[in-house]
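For reference, the chains in residue letters:
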Amino acid sequence: MAVLLPISVTEVSGLDEFCAKFDINSKYIAGDDGTDEELIILELNKIYNKKFVLNFIEDRTDGYFLIQVFE
């Protein structure tokens, strides 16, 4: 059985926090141009030479996105 361990793991609450952590100037606005998840995926696809996994984790009060980098 193979086990994959991510290089880094980042938690963000939405597109705005994602852009701040990854130093991205996005022209998209969550809610107007799509959902947070769709827009984060759009921005992640612009980053070359890295493989990302994006998961939405829902807890009792709120939710957050877990971004894992594998390459």
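See the structure printed just above.
Residues numbered from 1 in each chain as written. Predicted model: local features only at pLDDT ≥ 70, side-chain atom pairs only at ≥ 80, totals over all residues. Heavy atoms only, no water.

**As for the pattern of salt bridges**
Point 1. Going through the model one piece at a time under the given rule, you end up with two salt bridges.
Point 2. Ionic pairing is found between Lys-21 and Glu-17, a salt bridge with its closest N-O pair at 3.7 Å. Linking Lys-21 with Glu-17, this pair stays in helix H1 (residues 15-22), spanning four residues, or about one helical turn.
Point 3. Judged by relative accessible area, which is 48%, Lys-21 ranks as partly exposed.
Point 4. A residue is classified by how much of its surface remains accessible, and Glu-17, at 31% relative accessible area, is partly exposed.
Point 5. For Lys-46, the salt bridge identified is with Glu-43, shortest N-O distance 3.6 Å.
Point 6. For Lys-46, a relative accessible area of 45% gives the class partly exposed.
Point 7. A relative accessible area of 5% means that Glu-43 is categorised as buried. (Salt bridge = Lys/Arg side-chain N within 4 Å of Asp/Glu carboxyl O. Helix = DSSP H or I, 4+ residues; strand = E, 2+ residues; numbered from the N terminus. Buried < 20%, exposed > 50% of the residue type's maximum accessible area, 1.4 Å probe, protein only.)

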